[in-house]
Amino acid sequence: MKKSQNDQGFSVGAETFLTHGGRNPAAQSGFVNTPVYRGSTVIFETLAELDDYTIRYRYGRQGTPLTTGLEEIVSGLEGSAGTYLAPSGISAISLALLACLNGGDEILVTDSAYDPTRKLADTFLCGYGIKARYFDPRIGSSIADLVGPDTRAVFVESPGSLTFELQDIPAIKSALAGKNIAIVADNSWATPLFCRPLQLGADIVVHSGTKMLGGHSDLMLGTVSANAAYWPQLLRTAHVLGIVASPDDTFLTMRGTRTLGVRMKAHEARALDLAQWLEEQDLVTRVLHPALRSHPDHALFKRDFSGSGSLFSFVLPPAGRTAIAAFVDGLELFGMGYSWGGFESLLLPVDPRKFRTAVPWDEAGNTFRIHVGFEDIDDLKADLAAGFARYLNSLGT
Ligand SMILES: *Cc1c(COP(=O)(O)O)cnc(C)c1O
């Protein structure tokens, strides 16, 4: 079967592609996986070779057969012209934004964006004369009203990783028609298995590969994929900035992608089961999960996504830090920590109100973000139920 693919994507099912894409056993003595290439110097045999700039691997910073393999996998899944690997998700986002913005330009960012993305715009890009303005995540085609003469990029993260609003990328795309504005999408939550932003109208897609692609909480990596219009400038920017992902983390991410299909299906089923169960709990005032019928963007979710991720939030009634501590400190299975996407379940108290500037987040009560891993679902429910009892007991204390 065909083991590599071009920028038109691949001709087999996504799970077949995940299993066979981006590797070439014949090129490495038959071994199934491409080994870790640790390398800076590449030796040229002749002056003619040294002068030949079409040779694919000339120096470590320009990639190795291993990075090419993972880039092919992500490009195939996203349907992009190319993919570049970065050392983290946030460095992938900075690369994407630096590739399409110059001093004097403006970027419009969804108000629900991941906080470090906001920080990048507000504390770094602004130093280079790039202005960020934030928009209502549900803005849709009204984004046209915000676009100014200097607007060169729109950043979407759909759904947002704390509050889970969706952006209507096709509506945003048509509102921007004829303007030279890049739509940059953070697709970490859905993965290209469940949403393909380039097909919806985005120009550049980024992933925190640290999350679902890696899938085991043991690496840091980011990916940036672009359509044909933006790929040349993305590659140029990556090369001048000298962005390189670690060979070991690249290997581990590639290994993670082999099971991405089965993992995403398992995460989806468990997260939905737990989200529905949470909706039935008396103490829970709201569950924020776009695949639930109760979610305000559910229709958009059904239109643009073919599945849902591991991560969602729920809200408990107002209570102080003592009640929150009683709930989370006593959890036995849910770890409290940043990031998500691993095999283990996580639960984190979050306060989305702190990060909003365009539209206030006025949900009363305490919000908790959950990543559902692979423990027995009944054990997870029991852990949460015991926690809710502790929370209830400390209400009013
Ligand atoms: C974690 C995360 C990032 C940043 O990824 P790192 O690999 O931690 O740098 C970006 N976007 C979203 C939605 C994330 O959850």
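Computed from a prediction, not measured in an experiment: that's the story for all the values here. (Residues numbered from 1 in each chain as written. Predicted model: local features only at pLDDT ≥ 70, side-chain atom pairs only at ≥ 80, totals over all residues. Heavy atoms only, no water.)

Describing the overall build of the protein chain
When helices and strands are counted, the protein chain shows 14 helices and 11 strands. Relative to the compact-globule value of 21 Å for 397 residues, the protein chain shows a C-alpha radius of gyration of 22 Å, a close match. For the protein chain, the spread of C-alpha atoms along the principal axes amounts to about 80 × 55 × 35 Å. Relative to its 397 residues, the protein chain shows a buried fraction of 55%. When contacts within the protein chain are restricted to residue pairs at least 6 apart in sequence, those whose partners lie at least 24 apart make up 74%. (Helix = DSSP H or I, 4+ residues; strand = E, 2+ residues; numbered from the N terminus. Rg over C-alpha atoms; globule rule 2.2 N^0.38 Å. Buried < 20%, exposed > 50% of the residue type's maximum accessible area, 1.4 Å probe, protein only. Contact = heavy atoms within 4.5 Å.)

Thoughts on helix α3 (residues 65–78)
With 14 residues, α3 ought to run about 20 Å at 1.5 Å a step, and its terminal C-alpha atoms sit 20 Å apart, in line with that. Most of α3 sits inside the fold, with 12 of its 14 residues counted as buried. Leu66, Thr67, Thr68, Gly69, Leu70, Glu71, Ile73, Val74, Ser75, Gly76, Leu77 and Glu78 are the residues of α3 that are buried. Looking at the residues trailing α3, positive phi occurs at Gly79, about 70°. (Expected span 1.5 Å × (residues − 1).)

Structural notes on the environment of Ala92
Structurally, Ala92 is set in helix α4 (residues 89–100). C-alpha separation for the pair Ala92 and Ile243, spaced 151 residues apart in sequence, amounts to 9.0 Å.

With respect to the packing of aromatic side chains
Under the defined criterion, the tally for this structure stands at 11 aromatic pairs. An angle of 50° between the planes, with centres 5.1 Å apart, marks the rings of Phe124 and Tyr128 as tilted. With a relative accessible area of 53%, Tyr128 lands in the exposed category. Plain terms: the ring middles of Phe314 and Phe368 are 5.5 Å apart, the flat faces sit at 25° to each other, and that makes the pair stacked. Linking Phe314 in strand β9 (residues 311–316) with Phe368 in strand β11 (residues 366–371), this pair joins segments that are 54 residues apart in sequence. Each member of the pair, Phe314 as well as Phe368, is classed as buried. (Phe/Tyr/Trp six-rings, centres within 6.5 Å; stacked < 30°, edge-to-face > 60°.)

Notes on the site of the ligand
Lining the immediate environment of the ligand, one finds 13 residues, of which Gly89, Asp186, Ser208, Thr210 and Lys211 sit closest. The side chain of Ser208 places a nitrogen or oxygen atom 2.9 Å from an oxygen atom of the ligand. Note that an oxygen atom of the ligand is positioned 2.7 Å from one of the side-chain N or O atoms of Lys211. Computed on the free molecule, the ligand has an accessible area of 380 Å², of which 93% lies beneath the protein chains in the complex. Of all the elements, α4 adds the most residues to the shell around the ligand, at three residues. Per-class residue counts for the shell around the ligand are six nonpolar, four polar and three charged. (Near = heavy atom within 4 Å. Polar contact = N/O pair within 3.5 Å; in protein donor to acceptor, adjacent residues only side chain to side chain. Areas by Shrake-Rupley, 256 points an atom, 1.4 Å probe, with all protein chains shown as cover. Nonpolar A, V, L, I, M, F, W, Y, C, P; charged D, E, K, R; others polar.)

Topic: the environment of Phe343
Note on placement: Phe343 falls in the loop between α13 (321–329) and β10 (346–350). The contacts of Phe343, once residues within four sequence positions are left out, are Gly215, His216, Gly373, Phe374 and Glu375.

Focus: the pattern of salt bridges
Inspection of every chain in the model, using the stated rule, returns 14 salt bridges. Between Arg38 and Asp248 there is a salt bridge, with the nearest N and O atoms lying 2.8 Å from each other. On the criterion of sequence distance, the pair formed by Arg38 in the loop between α1 (14–20) and α2 (47–51) and Asp248 in helix α10 (residues 247–258) is long-range, its members being 210 residues apart. A relative accessible area of 63% places Arg38 in the exposed class. For Asp248, a relative accessible area of 32% gives the class partly exposed. A salt bridge links Glu363 to Arg286, with the shortest nitrogen-to-oxygen separation between them at 2.2 Å. (Salt bridge = Lys/Arg side-chain N within 4 Å of Asp/Glu carboxyl O.)

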